[in-house]
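As a plain string of letters, each chain reads:
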Amino acid sequence: MSNQFTRLLEVVRAKKPLVHHITNYVTVNDCANITLAIGASPIMADAVEEAGDIAAISSAVVLNIGTLNERTVQSMIVAGARANEKGVPVVFDPVGAGASTLRNSVAMRILQQVKVSVIRGNISEILFVSGLTSNTKGVDASETDAEYDAEQIASDLASKLGCVVAITGKVDTVSNGKRTVLIANGHGALSSITGTGCMCSSLVASFCGAAPESCFDGAVAALLCMGIAGEIAHEKAGQFGSASYRIAVMDAISLMNQGLVEGRAKLHETSC
Amino acid sequence: MSNQFTRLLEVVRAKKPLVHHITNYVTVNDCANITLAIGASPIMADAVEEAGDIAAISSAVVLNIGTLNERTVQSMIVAGARANEKGVPVVFDPVGAGASTLRNSVAMRILQQVKVSVIRGNISEILFVSGLTSNTKGVDASETDAEYDAEQIASDLASKLGCVVAITGKVDTVSNGKRTVLIANGHGALSSITGTGCMCSSLVASFCGAAPESCFDGAVAALLCMGIAGEIAHEKAGQFGSASYRIAVMDAISLMNQGLVEGRAKLHETSC
Amino acid sequence: MSNQFTRLLEVVRAKKPLVHHITNYVTVNDCANITLAIGASPIMADAVEEAGDIAAISSAVVLNIGTLNERTVQSMIVAGARANEKGVPVVFDPVGAGASTLRNSVAMRILQQVKVSVIRGNISEILFVSGLTSNTKGVDASETDAEYDAEQIASDLASKLGCVVAITGKVDTVSNGKRTVLIANGHGALSSITGTGCMCSSLVASFCGAAPESCFDGAVAALLCMGIAGEIAHEKAGQFGSASYRIAVMDAISLMNQGLVEGRAKLHETSC
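Residues numbered from 1 in each chain as written. Chains lettered and ligands numbered in written order. Predicted model: local features only at pLDDT ≥ 70, side-chain atom pairs only at ≥ 80, totals over all residues. Heavy atoms only, no water.

S.K.: Any chance you could explain the overall build of chain A here in plain terms?
M.R.: Along the backbone of chain A there are 11 helices and 9 strands. Over its C-alpha atoms chain A spans a radius of gyration of 17 Å, differing by no more than 12% from the 19 Å that the globule rule assigns to 272 residues. Dimensions of chain A, computed from C-alpha atoms along their principal axes, come out at roughly 45 × 40 × 35 Å. Burial analysis of chain A (272 residues in total) assigns 67% to the buried set. Here the contacts in chain A between residues at least 6 apart in sequence split such that 73% fall between residues at least 24 apart. Between the averaged position of the 20 positive side-chain charges in chain A and that of its 25 negative side-chain charges there is a distance of 4 Å. (Helix = DSSP H or I, 4+ residues; strand = E, 2+ residues; numbered from the N terminus. Rg over C-alpha atoms; globule rule 2.2 N^0.38 Å. Buried < 20%, exposed > 50% of the residue type's maximum accessible area, 1.4 Å probe, protein only. Contact = heavy atoms within 4.5 Å. Lys, Arg positive; Asp, Glu negative; His and termini not counted. Charge placed at Lys NZ, Arg CZ, Asp CG, Glu CD.)

This is the structure in structure tokens:
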């Protein structure tokens, strides 16, 4: 089954799509480097005067509200709208949705004004976006929320919004409302470093930029790559500490290839 | 003596306190990663519309003026005030105080409007905050200032403001006005990488968030961990260059444990 | 020939010049660390209320428009003007010039209002600044633009603006309008990580800050160091992936010495 997804890795590397990010300043360097590592090309531009222009020349746009402010939210709306006009896929990462009134209202505003192709978040964030009660504590998923039925929630939200929903966690869930795929790759050590969620969104956008007609497949491929990189990194550097592990994750993404992904993929398609 | 301090490391790891940072964009990724590495959970949020909300759900707040601007200073005041209301400890890092009129006035304004639990800076910054003449050149301590009597200055400022004062340098000094502890751990290589001061403040806040009733002990524990990590990193990676050293510092924090700290701690309590 | 340039490395390390950056938030941490690694001292400060004050106490100023916005552009103009008054060299990095109307107009505005000592960019950016048509796609040089005659373009722009122009690429070109030097060091892997252009600008500024009377020599020395670091890093870590390579580049800068640079320098002075 995995070939449908893994073939896209070579497409990213062949097309080198330009991925416009309006994102937080905490993990932005990691996002730029992982975009390069997977084979795409990052550009970060958040001035409202150019956000639309840059979105228009890009192959995908990431809107990440990790350190949102009034100025950048406006730019996100402009970039998203322009991307919609041009048919450029938009990946939305509702970082910390549920943690403050501002994030909640901005997340809703973006979803009202921008047609997104993929939403990627942890279970707490996606619960909030779904209009369900979440127990978000900061930017990490709460343990209580982890007991929710991610498959159902992803599928319902995907159907409601007509987009792909990717919930990352111990097992990742990707749904377009019709099909739902579970990815059992990854390693707990990924939560010991900052930015793995943001980097997943950059990877998803890299795949969507390379194959905009296949955002569902691209989201699966992106999360497969990240999960497998997390495993390889743990094998290579897990015992050396969190910074060595972080380097090893990025290294593994840069060295990822289709055979490696197919050999390690733990995919399961559900029929919900 | 060190057990009083080192026991707190396990408290951080057990409680995983949420540490809200309003900090500079230069070292923010390092701050997030070191907060995770010590066992706490970072959140960065500087929009004035949410700074108070996030502070209210956090266990500690870091205010770091490294790349301050009008917008974020306002957010710092709001977050600090809300933290005060909620009894959440505030760690203030007056990066570059003394280097510009803006930084000077903002540092003073924060100290007037926010009750801080800990101030952490280099000798030049703390001299300025103390109302003494400093010779700050940028964000690093000036060599002339290093000749000041850090113990006396820390103790006096701590008494004056009713908080803990931590001066980092070749020897670190932590005082609450009554007790003053010197920490002779660390390595000169720490000054070859950016962000070690900011990371110290994040560590201090992680400890204060886990044990808000013990901010003095927490500040000592945090600086012990950083100093020892600097030593371990030098032993492991000192000869490989500054970036490898930086990775090794973070690795060492993530692998730190109470026994390691107690075995290496070079603590001295003065009676000034 | 190389001694004229390489001798400056020891000058940087002896003088430890303060280098003020108003730069993008994507690569700012890398810029700070490479400034330290080469032996200078970084300070980042972009509030308009302090940009002039900080520029005035600095030895060099970097203006980098990678993630420009209205607020920081104003600060760049203020810092640049104050640096000009004080005789502090200004290094301008027109990141992404040509990619949006905003970047184009800001690049022109800075060059009209600030006398810069060095402009450092890729061929697409420098073509745009030269008033020629470029095919910029985002922040990386377009392949079409790579066919232009970099020597002629650098020399013409240097003469027109009365400054040093440095075009980085497969071969780097540095011209002051009278002399033009080509540097054939470097490695293709440098384009697999973000920030190498920005880091080059920080290195150029570090050298210019240490020897403001020799900005041409300093620019050559800086690009030599980066190119050679790129080669050494590839030898050491090329096969481990992009993040390990990135660490190795920074390590190599921190361990660079005059003998190493002279032994590896591939310099060629043209007579255009």
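Picking up after the structure, the text goes on.
S.K.: Honestly, the confidence of the model for chain A in this entry has me stumped. Any pointers?
M.R.: Close reading of the predicted structure is inappropriate where its pLDDT is low. When the pLDDT values of chain A are averaged, the result is 95; 96% of them are 70 or greater. In the predicted complex, the global pTM is 0.96; the interface-specific ipTM is 0.95. (pLDDT = per-residue confidence, 0-100.)

S.K.: Whenever I open this one, the side chain of arginine 120 of chain C confuses me. Can you help?
M.R.: Residues and elements named next belong to chain C. Relative to the helices and strands, arginine 120 resides in strand E5 (residues 118-122). Among the residues examined, arginine 120 registers a relative accessible area of 4% and is labelled buried. At a separation of 2.7 Å, a polar atom in the side chain of arginine 120 contacts the side chain of threonine 168. For arginine 120, the side chain forms a polar contact with the main-chain oxygen of glycine 197, separated by 3.1 Å. Discounting chain neighbours no more than four positions away, the residues touching arginine 120 are Phe92, Asp93, Pro94, Ile126, Ala166, Thr168, Gly197, Cys198, Cys200 and Ser201. (Polar contact = N/O pair within 3.5 Å; in protein donor to acceptor, adjacent residues only side chain to side chain.)

S.K.: What's the story with the sheet that holds strand E8 (residues 180-183) of chain C in this structure? I'm lost.
M.R.: Two pairing modes exist for strands in a sheet, parallel and antiparallel, and in both the strands are linked by backbone hydrogen bonds. All names here are of chain C. On the basis of which strands lie adjacent, the open sheet formed by 9 strands has the order E2-E1-E3-E4-E5-E6-E7-E8-E9 and mixed pairing. Unpaired on one side and paired on the other, strand E2 (41-44) and strand E9 (267-270) mark the two borders of the sheet. Here the average twist between neighbouring strands, direction ignored, is 20 degrees. As paired strands, strand E1 (residues 18-22) and strand E3 (residues 60-64) are joined by 4 bridges and run parallel to one another. Across the sheet, the residue bridging to histidine 21 is valine 62, located in E3. (Pairing = 2+ DSSP bridges. Axes fitted to C-alpha atoms, helices over the stretch in contact; angles between N-to-C directions.)

S.K.: Sorry, what's going on with helix H3 (residues 48-57) of chain C here?
M.R.: Note: α-helices contain 3.6 residues per turn, so residues at a spacing of three or four share the same orientation. Of all the residues in H3 of chain C, the buried ones are Glu50, Ala51, Gly52, Ile54, Ala55 and Ala56 of chain C. Looking at the buried positions of H3 of chain C, the neighbouring elements they touch are helix H6 (101-113) of chain B together with E1, E2, E3 and helix H4 (70-86) of chain C.

S.K.: What is the right way to read the environment of glycine 227 of chain A from this model?
M.R.: All names here are of chain A. With respect to the element layout, glycine 227 can be found in helix H9 (residues 215-237). What makes glycine 227 buried here is its relative accessible area of 3%. The contacts of glycine 227, once residues within four sequence positions are left out, are Asn185 and Gly186.

S.K.: How should the pairing of E3 of chain C be read in this particular structure?
M.R.: In summary, the side chains of a regular strand alternate between the two faces of the sheet. Residues and elements named next belong to chain C. For E3, a buried count of 5 out of 5 residues is recorded, marking the element as mostly surrounded by other parts of the structure. The side-chain alternation of E3 yields two buried faces, one formed by Ala60, Val62 and Asn64 and the other by Val61 and Leu63. Each parallel crossover has a hand, and for E3 linked through H4 to strand E4 (residues 90-93) it is right-handed. (Right-handed = clockwise from strand over helix to strand, strands pointing away.)

S.K.: What is the right way to look at empty space enclosed by the protein in this model?
M.R.: Regions of empty space are outlined by a rolling probe, equal in size to a water molecule, passed over the atoms. By the definition in use, this model includes 4 cavities of 30 Å³ or more. Within this model, the largest cavity holds a volume of roughly 230 Å³. Of all the elements in the fold, those that place two or more residues in the lining of the largest cavity are helix H2 (28-38) and helix H10 (242-254) of chain A, helix H3 (28-38) and helix H11 (242-254) of chain B together with helix H2 (28-38) and helix H10 (242-254) of chain C. Split into classes, the residues belonging to the lining of the largest cavity amount to 15 nonpolar, 7 polar and 5 charged. (1 Å grid on protein atoms, 1.4 Å probe; cavity = no way out; pocket = protein on both sides within 12 Å on 5 of 7 lines; lining within 4 Å. Points joined across faces, edges and corners; volume = space filled by probe spheres on them. Nonpolar A, V, L, I, M, F, W, Y, C, P; charged D, E, K, R; others polar.)

S.K.: Looking at this structure, I do not really get the relation of the copies chain A and chain C. What am I missing?
M.R.: To go from the first copy of the chain to the second, apply a rotation about an axis and then a shift along the same axis. Superposing chain A onto chain C requires a rotation of 120 degrees together with a translation of 0.0 Å along the rotation axis, leaving an RMSD of 0.0 Å. As the rotation angle and translation indicate, the two copies are arranged about a three-fold axis. Scanning chain A for the C-alpha nearest the rotation axis identifies tyrosine 25 of chain A, at a separation of 3.6 Å. In this assembly, only 7% of the residues forming the interface of chain A have copies in chain C that are likewise at the interface, indicating a heterologous arrangement. (Least-squares fit on C-alpha atoms with pLDDT ≥ 70 in both.)

S.K.: For this particular structure, what's the right way to read the sheet that holds strand E2 (residues 41-44) of chain A?
M.R.: All names here are of chain A. The mixed open sheet is built from 9 strands, whose spatial order is E2-E1-E3-E4-E5-E6-E7-E8-E9. At either margin of the open sheet sits one strand with a lone partner, and together these are E2 and strand E9 (267-270). On average, each strand axis in the sheet is tilted by 20 degrees relative to the strand beside it, whichever way the strands run. Relative to E9, strand E8 (residues 180-183) runs antiparallel, the two being bridged by 4 bridges. Across the sheet, isoleucine 183 pairs through a bridge with leucine 267, a residue of E9. Relative to strand E4 (residues 90-93), helix H8 (residues 196-210) is tilted by about 170 degrees, and along the sheet it contacts strand E1 (18-22), strand E3 (60-64), E4, strand E5 (118-122) and strand E6 (164-168). Contacts from H9 reach E5, E6, strand E7 (172-175), E8 and E9 within the one sheet, and its direction differs from that of E7 by about 170 degrees.

S.K.: Hey, could you run me through the side chain of threonine 196 of chain C in this one?
M.R.: All names here are of chain C. One can find threonine 196 in helix H8 (residues 196-210). Assessed through its relative accessible area of 15%, threonine 196 is described here as buried. Engagement of the side chain of threonine 196 in a polar contact is seen with the backbone oxygen of leucine 190, the distance being 3.4 Å.

S.K.: Could you clarify how one ought to interpret the interface of chain A and chain C in this entry?
M.R.: Often the size quoted for an interface is simply the accessible area lost on bringing the parts together. Listed as interface residues are 28 residues of chain A and, on the opposing side, 30 residues of chain C. Summed over both partners, the interface of chain A with chain C comes to about 2,300 Å²; 53% of that surface belongs to carbon and sulfur atoms. Across the chain A-chain C interface, the total number found is 1 salt bridge. We note a salt bridge from arginine 103 of chain C to glutamate 50 of chain A, for which the minimum N-O separation is 2.8 Å. For the side of chain A that touches chain C, the elements supplying multiple residues, two or more each, are H2, E2, helix H3 (48-57) and H10 of chain A. With 6 residues, the single largest contributor to the side of chain A that touches chain C is H2 of chain A. (Buried area = accessible area lost by both parts, 1.4 Å probe. Salt bridge = Lys/Arg side-chain N within 4 Å of Asp/Glu carboxyl O.)

S.K.: Explanation requested: the packing of H2 of chain A against H8 of chain A in the structure shown.
M.R.: Residues and elements named next belong to chain A. Between H2 and H8, the least distance of the axes is 9 Å, while the angle of their chain directions is 40 degrees. Classed by the angle they form, the pair H2 and H8 counts as oblique. Considering the relative orientation of H2 and H8, their crossing is right-handed. Contacts from Asp30, Cys31, Ile34, Thr35 and Ile38 of H2 reach H8 at Cys198, Met199, Ser202, Leu203, Ser206 and Phe207. Looking at the contact of H2 with H8 residue by residue, the classes come out as 7 nonpolar, 3 polar and 1 charged. (Parallel < 35°, antiparallel > 145°, perpendicular 65-115°, else oblique. Left-handed = near helix turned anticlockwise from the far one by under 90°.)

S.K.: How do you make sense of the pairing of strand E4 (residues 90-93) of chain B when you look at a structure like this?
M.R.: All names here are of chain B. Side chains of E4 alternate between two faces, with Val90 and Phe92 and Val91 and Asp93 buried alike. Across 4 bridges, strand E3 (residues 60-64) lies against E4 in parallel orientation. Paired with leucine 63 across the two strands is phenylalanine 92, which belongs to E4. As judged from the 2 bridges shared by E4 and strand E5 (residues 118-122), these two strands associate in the parallel manner. Bridge pairing in E5 places phenylalanine 92 opposite isoleucine 119. One crossover worth recording links E4 to the parallel E5 by way of H6, and it is right-handed.

S.K.: For this particular structure, what's the right way to read the interface of chain B and chain C?
M.R.: With 30 residues of chain B at the interface, the matching set in chain C holds 28 residues. Summed over both partners, the interface of chain B with chain C comes to about 2,300 Å²; 52% of that surface belongs to carbon and sulfur atoms. Our count for the contact surface shared by chain B and chain C stands at 1 salt bridge. Among the elements that line the side of chain B that touches chain C, the one with the most residues is H11 of chain B, at 5 residues.

S.K.: Can you walk me through the packing of aromatic side chains in this structure?
M.R.: Where two aromatic rings form a pair, the distance of their centres and the angle of their planes describe that pair. All names here are of chain A. Overall, the coordinates contain 3 aromatic pairs over all chains when judged by the stated rule. Seen from their ring centres, phenylalanine 5 and phenylalanine 216 are 6.4 Å apart, and the 70 degrees between their planes marks the pair as edge-to-face. Note that phenylalanine 5 is positioned in helix H1 (residues 3-15) and phenylalanine 216 in helix H9, a separation of 211 residues in sequence. A single burial state applies to phenylalanine 5 and to phenylalanine 216, both of which are buried. (Phe/Tyr/Trp six-rings, centres within 6.5 Å; stacked < 30°, edge-to-face > 60°.)

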